[in-house]
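Read off the chains here:
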Amino acid sequence: MTRSAYPHIPLAHAGAVLGIDLEAVAANYRELCRRLDGVSCAGVVKSDAYGLGVEEVAPVLANAGCREFFVAHIEEGIELRKILPKAEIHILNGMFPGAEETYTENNLIPVIGSLHEAKIWKIWCGETPLPCDLHVDTGMLRLGLSPKELGQIADEPDLIQGLDIQNIISHLASADEAQSSQNVAQLNTFRRAREILPMGRASFCNSSGIFLGSEYHFDLARPGVALYGANPSPGNPNPMRDVVSLKARIVQVRDADMPETVGYGATYAIKKPSRIATVPVGYSDGVLRSLSNNSCGYIGEHCVPLVGRVSMDLITFDVSDVPEEFAHAGQWIEMIGPHHTVDDMARDANTIGYEVLTSLGRRYHRVYKGGSDE
Ligand SMILES: Cc1ncc(COP(=O)(O)O)c(C=O)c1O
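Residues numbered from 1 in each chain as written. Predicted model: local features only at pLDDT ≥ 70, side-chain atom pairs only at ≥ 80, totals over all residues. Heavy atoms only, no water.

When helices and strands are counted, the chain shows eleven helices and 20 strands. Referenced to the eigenvectors of the C-alpha coordinate spread, the extents of the chain come out at roughly 75 × 40 × 40 Å. For the chain, the proportion of its 374 residues judged to be buried stands at 53%. Residue pairs at least 24 apart in sequence account for 65% of intrachain contacts in the chain once pairs closer than 6 positions are excluded. When the accessible area of the chain is evaluated, it comes to approximately 16900 Å², of which 51% is carbon and sulfur surface. (Helix = DSSP H or I, 4+ residues; strand = E, 2+ residues; numbered from the N terminus. Buried < 20%, exposed > 50% of the residue type's maximum accessible area, 1.4 Å probe, protein only. Contact = heavy atoms within 4.5 Å. Areas by Shrake-Rupley, 256 points an atom, 1.4 Å probe, with all protein chains shown as cover.)

What follows is the structure, encoded as structure tokens:
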């Protein structure tokens, strides 16, 4: 995927350094495989591998043993095909009418989500069935065959006759809430769907689903976010290794006194003589504006509160409690790292790790650890 106008920003020009630990991605894949105990494990690398760079991440997963990949869009599939010529690539968003040839040319497997799509694929395939998956909706009301369509297939199996169905898939709506009764309800619905659609393999689990127990595993798991270090089992210690770090460069430290305020809208009032450090990252770099006055960074072991509003290109931290030798222009503030993880930042922003990851901007100096010679 293209990195927009700023493909490789040198360290000297960058306001922040984004570290991506590819060894941790591989370790996370292996850990999920271990928990799956023999069940196949695909890798979900849509949205540029959740913002971390599909070009770098996908080969690392392949080297760790991953053979099957799921992306959302056809374009992502085309891109991934160039990176991994031999992988099985599945397109979650379905079969787009008019794009049949593109699937075939690039050896992409559409995840068919309706009888209408199934018909289009069947017509395209003619006498030579080409691989596809079938998505069954078990409670998302989003993509997948509806209960009505499933009933139609039960009455008239010819509707899907002649399709080369590799996987019957479904997606959990509340897997990150282990106690949710929706998990069991979807599991039962999926089992009933399998009675009507017993062909191919069954694929049900996302990252969190893997942690719900082996009855959820079926034949093929499809984890995404856990590969990238977010906690798939909220409320429990994170079993995954951290993948992402973000440190921002201090460009100025200002002495402030009452009655000054910080940033747009004057939302943070100085209450005692303070030192305010400015770093050149903002919501344009994916540091969400909802973190305004409600997050922190770290300088060494010192927690520095984020004060004032996050603006497009700048953020301010109160570094009053940090010795000056560690908090001056040219020093770094850890925004994501061992002290403050992706999930911590997501909690501060009242969102989820997925959004933090996929929002990560394009103006960082990116440093990938590991991966190239694995
Ligand atoms: C159908 C489907 N399967 C698997 C995944 C991977 O989910 P997760 O990142 O929660 O592991 C997604 C992600 O949204 C998805 O839409």
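Moving on, we get to the site of the ligand. Close contacts around the ligand come from 13 residues, with Lys46, Tyr50, Ser207, Gly224 and Tyr354 the closest. One nitrogen or oxygen atom from the side chain of Ser207 is found 2.5 Å from an oxygen atom belonging to the ligand. Summarising the interface, the protein chains cover 92% of the accessible area of the ligand, which totals 390 Å² for the free molecule. Looking at the shell around the ligand residue by residue, the class counts come to six nonpolar, four polar and three charged. (Near = heavy atom within 4 Å. Polar contact = N/O pair within 3.5 Å; in protein donor to acceptor, adjacent residues only side chain to side chain. Nonpolar A, V, L, I, M, F, W, Y, C, P; charged D, E, K, R; others polar.)

Right, let's talk about the packing of aromatic side chains for a bit. Centre distance and the angle of the planes are the two values used to describe a pair of aromatic rings. Here the structure, examined in full by the defined rule, presents seven aromatic pairs. Ring geometry for Tyr50 and Tyr228: centres 4.9 Å apart, planes at 40°, overall tilted. With Tyr50 in helix H2 (residues 46-50) and Tyr228 in the loop between strand E10 (220-221) and strand E11 (244-249), this pair connects stretches of sequence that are 178 residues apart. Like Tyr228, Tyr50 is buried. Grouping aromatic residues by their ring pairs yields a cluster made of Phe190, Phe204, Tyr216 and Phe218. Lying across the ring of Phe70, Arg222 places its NZ or CZ 5.9 Å from the centre. (Phe/Tyr/Trp six-rings, centres within 6.5 Å; stacked < 30°, edge-to-face > 60°. Lys NZ or Arg CZ within 6 Å of the ring centre and 35° of its normal.)

Our focus in this paragraph is the nonpolar core. What tends to happen in soluble globular proteins is that the nonpolar side chains get buried as a cluster. Grouped together as the largest cluster of nonpolar side chains are 111 residues, with contacts concentrated most on Val45, Leu61, Phe69, Leu80 and Tyr228. It is helix H1 (residues 22-36) that contributes the most residues to this core, seven residues altogether. Mapping this core onto the domain boundaries places at least three of its residues in each of domain 1 (22-228) and domain 2 (244-340). Those residues within four positions of Val45 in sequence are excluded, and the remaining contacts are Val54, Val57, Leu61, Phe69, Phe70, Val71, Leu80 and Tyr228. (Core = buried A, V, L, I, M, F, W, Y, C linked by side-chain atoms within 4.5 Å. Domains from an automatic or database assignment.)

Between H1 and helix H3 (residues 54-63), the shortest axis-to-axis distance is 9 Å and the interhelical angle comes to 40°. Classified by the interaxial angle, the pair formed by H1 and H3 is oblique. For H1 against H3, the interelement crossing comes out right-handed. Touching Leu22, Val25, Ala26 and Tyr29 of H1 are Glu56, Val57, Val60 and Leu61, all from H3. Considered class by class, the residues forming the contact of H1 with H3 number seven nonpolar, no polar and one charged. (Axes fitted to C-alpha atoms, helices over the stretch in contact; angles between N-to-C directions. Parallel < 35°, antiparallel > 145°, perpendicular 65-115°, else oblique. Left-handed = near helix turned anticlockwise from the far one by under 90°.)

Now for the pattern of salt bridges. Applying the stated criterion to the full structure yields eleven salt bridges. For Arg34, the salt bridge goes to Glu31, with nearest N and O atoms at 2.9 Å. Of this pair, Arg34 and Glu31 both sit in helix H1, three residues apart, which is roughly one turn of the helix. For Arg34, a relative accessible area of 55% translates into the label exposed. (Salt bridge = Lys/Arg side-chain N within 4 Å of Asp/Glu carboxyl O.)

Residue placement: Ala173 occurs in the loop between strand E8 (164-169) and helix H8 (181-196). Between the alpha carbons of Ala173 and Ala14 there is a distance of 39 Å; along the sequence they are 159 residues apart. Ignoring any residue separated from it by four or fewer positions in sequence, one finds Ala173 in contact with Gly139, Met140, Gln182 and Gln186.

A few words on the domain arrangement of the chain. According to the domain assignment, the chain consists of domain 1 (22-228) and domain 2 (244-340). Each of domain 1 and domain 2 was reduced to a C-alpha centroid, and the two centroids are 42 Å apart.

Another point: the side chain of Asn106. One can find Asn106 in the loop between helix H5 (100-105) and strand E6 (108-112). Excluding its chain neighbours within four sequence positions, the residues that come into contact with Asn106 are Ile78 and Arg81.

Where like charges cluster on the molecular surface, the negative patch consists of Asp255, Asp257, Glu260 and Glu324. If you trace the backbone, Glu260 turns up in the loop between strand E12 (252-256) and strand E13 (261-262). (Patch = residues over 30% accessible without salt bridge, like charges linked within 9 Å, V, L, I, M, F, W, Y side chains within 5 Å. Lys, Arg positive; Asp, Glu negative; His and termini not counted. Charge placed at Lys NZ, Arg CZ, Asp CG, Glu CD.)

As paired strands, strand E7 (residues 131-135) and E8 are joined by five bridges and run parallel to one another. Following the sheet pairing, Cys132 is matched in E8 by Ile165. For the segment spanning E7, helix H7 (residues 147-155) and E8, crossover handedness is right-handed. (Pairing = 2+ DSSP bridges. Right-handed = clockwise from strand over helix to strand, strands pointing away.)

To continue, consider the state of the cysteines. Under the criterion given, the structure shown has zero disulfides. With no disulfide of its own, Cys132 lies 7.0 Å from the sulfur of Cys125, the closest cysteine sulfur. Distance from the sulfur of Cys205, which forms no disulfide, to the nearest cysteine sulfur (Cys41) is 9.5 Å. (Disulfide = S-S within 2.5 Å.)

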